[in-house]
Amino acid sequence: MRHSRSVSALLLSGLLALSPLTQASELELLINMLHENGMVSDEQYGRLMAELNQNKQATETEKQQEHEARQVMETRLDEATQPPEVEVTTRGGIRVRTTDGEFETRLRGRLMVDAAAHNGNPDLGDGTEIRRARLAWTGRMFHDWGFQFDYDFADGGKLRDSFVSYEGFEDIRLRTGLMEIPFQLQYRTSSSNSQLIERSLLGAFGGDRYIGVMGDIKKQHWSFAAGAFGDTATRKNPINDEGWGLGSRLTVAPINSDGRLLHFGTAVMYRNVDKDASGQQRVVRFSEQPEARVAGRPIVDTGDISNSRSFTRYGAETAVIRGPFSAQAEYVHTAVSRSSASNLGFDGWHLQAGYFLTNDARVYERGDFGAVTPKHRVGQGGIGAWELTLRYSSLDLSDRDIIGGEMDLFNVGLNWFPVPMLRFSANYIDVIKVKDGPNDGQKPRVFLVRSQWAF
């Protein structure tokens, strides 16, 4: 009995002295050998095996906890030391963003160089022009807050769309700052993506930018934008109340998939005219050039319309895409309210179409047209994207005592997109009618070319 107690004590002390890292199988083998040789009783054997199993379970639990803690620390270390992602894109500008999407910044820009030759009357000078040289810095802060600062260095410099936005709602954006009013499909489409070099004669009724607030929502099959606006960014008369306006645009696209599009839109814009230093309503003026800006001379022009209280523009638009073919049409009516004379009405419309000679198509992006990306690039065995375009435009700026003139013209063009971001265009513009106004009966013709880099 004394011998058994000595052996049991020896084994117990050995068990306690063993490191948790000691192989449990070796200890279990030793106990089995002692039990088989009669040196350990059945009672002692059972107690020793129970203690061994208990020790094994505790060791395994401790190892598992250590492993899990090590994995958590390694994951946190990887996240903390992960470098920010840098992404260079050929569409949408140069972008830098963090991996968690909390912060993002982009640099976008466009450079357009024009050259024009004129003939016919009136005598318009030939020449060249830097039409646009714009840089836009855009970004996102804390995921939901955005910003944009856009400046055009051409023609003495001018601030363009510059605002702060909130984008925390799905497909909805709220903005405050300097913005273009939501009016006309041709103006909601970037100048970089216009089918012809310049926008149509409806430019007499669009492209205005004012400081204000605006919200928009864009879905695959419809879009809506509305805003309230103060005055322009260049207003220099803070003594008197500035003008104000409202604008909205709604589009629906019942067909928008598989290279097919059917688009309809309508818009309205109201503008209350501000007053001059004497308290009188400021003048309103509408004019337009023959879809070319190098000469810088309008062909139809209302001149100053004095005592104008307000004006309202109504617009309707439609567009279709079917494979390489596309077409769009727009109509705008502008009503001018005067305080001491009869009200006025001016209007205009255009119809344009395009056809890609290559296996390419226009891009529609939730209410607007986007950039063309050639499928077969020059330098990679392709010839780029080639597009034939044409447009008929009509504008009437005569009503009652205001004889600004009527103008109709035909514009035919060719676009070549060798690679993304580059475009070369040529337009031939034939003014087929000028009636009344300062250039009655005269019919200028223009050959206009452009090289464009937009990133």
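This one's a predicted model, so the numbers in the text were calculated from it and none came from an experiment.

### What to know about the pairing of strand 17 (residues 344-356)
Along any regular strand, the residues point their side chains to alternate faces of the sheet. The sheet contact formed by strand 16 (residues 325-338) and strand 17 spans 12 bridges and is antiparallel. Across the sheet, the residue bridging to Glu330 is His350, located in strand 17. Between strand 16 and strand 17, which pair antiparallel one after the other, the connecting turn spans 5 residues. Pairing geometry for strand 17 and strand 20 (residues 385-399), over 10 bridges, is antiparallel. In the strand pairing of strand 20, Gln352 is matched with Arg391.

### Examining the confidence of the model for the protein
Residues of the protein with pLDDT of at least 70 account for 88%, and the chain-wide mean is 88. Every residue in residues 1-5 scores below 50 in pLDDT, and together they form 3 contacts with partners more than four places removed in sequence or on other chains.

### Some remarks on the side chain of Arg450
Take Arg450: it is sitting in strand 23 (residues 445-454). A distance of 3.2 Å separates a polar atom in the side chain of Arg450 from a polar atom in the side chain of Glu198. Those residues in contact with Arg450, other than ones at most four positions away along the chain, are Met112, Val113, Asp114, Arg131, Arg132, Ile197, Glu198, Arg423, Phe424 and Ser425.

### Some thoughts on the pattern of salt bridges
Counted by the stated rule, this structure contains 24 salt bridges. Across the salt bridge formed by Arg313 and Asp208, the nearest N and O atoms sit 2.6 Å from each other. Of this pair, Arg313 sits in strand 15 (residues 308-322) while Asp208 sits in the loop between helix 4 (185-188) and strand 9 (209-218), and the two are 105 residues apart along the sequence. Each member of the pair, Arg313 as well as Asp208, carries the same accessibility label: buried. The salt bridge involving Glu406 is made with Lys433; its shortest N-O contact spans 3.7 Å. You can see Glu406 sitting in strand 21 (residues 402-417) and its partner Lys433 sitting in strand 22 (residues 422-435), a full 27 residues away along the chain. For Glu406, a relative accessible area of 18% puts it in the buried group. Relative accessible area serves as the criterion here: at 32%, Lys433 is assigned to the partly exposed category.

### Description of a nonpolar patch on the surface
Residues Ile94, Leu107, Leu135, Trp137, Phe149, Phe153 and Leu159 make up a contiguous nonpolar surface patch of roughly 660 Å² in combined accessible area. Assignment of secondary structure puts Leu135 in strand 4 (residues 127-141).

### Some details on the packing of aromatic side chains
If you walk through the whole model with that rule in mind, you get 15 aromatic pairs. Centroid distance Tyr166 to Phe169: 5.5 Å. Interplanar angle 75 degrees. Geometry classified as edge-to-face. Residue Tyr166 is classed as partly exposed on the basis of its relative accessible area of 23%. Linked through ring pairs, Phe205, Phe286, Phe311 and Phe346 together constitute an aromatic cluster. Across from the ring centre of Phe163, 5.0 Å away, lies the NZ or CZ of Arg175, which sits over that ring. When the ring centre of Tyr210 is taken as origin, the NZ or CZ atom of Arg271, which lies over that ring, is 3.8 Å away.

Cut-offs applied
Residues numbered from 1 in each chain as written. Predicted model: local features only at pLDDT ≥ 70, side-chain atom pairs only at ≥ 80, totals over all residues. Heavy atoms only, no water. Pairing = 2+ DSSP bridges. Helix = DSSP H or I, 4+ residues; strand = E, 2+ residues; numbered from the N terminus. pLDDT = per-residue confidence, 0-100. Contact = heavy atoms within 4.5 Å. Polar contact = N/O pair within 3.5 Å; in protein donor to acceptor, adjacent residues only side chain to side chain. Salt bridge = Lys/Arg side-chain N within 4 Å of Asp/Glu carboxyl O. Buried < 20%, exposed > 50% of the residue type's maximum accessible area, 1.4 Å probe, protein only. Patch = residues over 30% accessible without salt bridge, like charges linked within 9 Å, V, L, I, M, F, W, Y side chains within 5 Å. Areas by Shrake-Rupley, 256 points an atom, 1.4 Å probe, with all protein chains shown as cover. Phe/Tyr/Trp six-rings, centres within 6.5 Å; stacked < 30°, edge-to-face > 60°. Lys NZ or Arg CZ within 6 Å of the ring centre and 35° of its normal.

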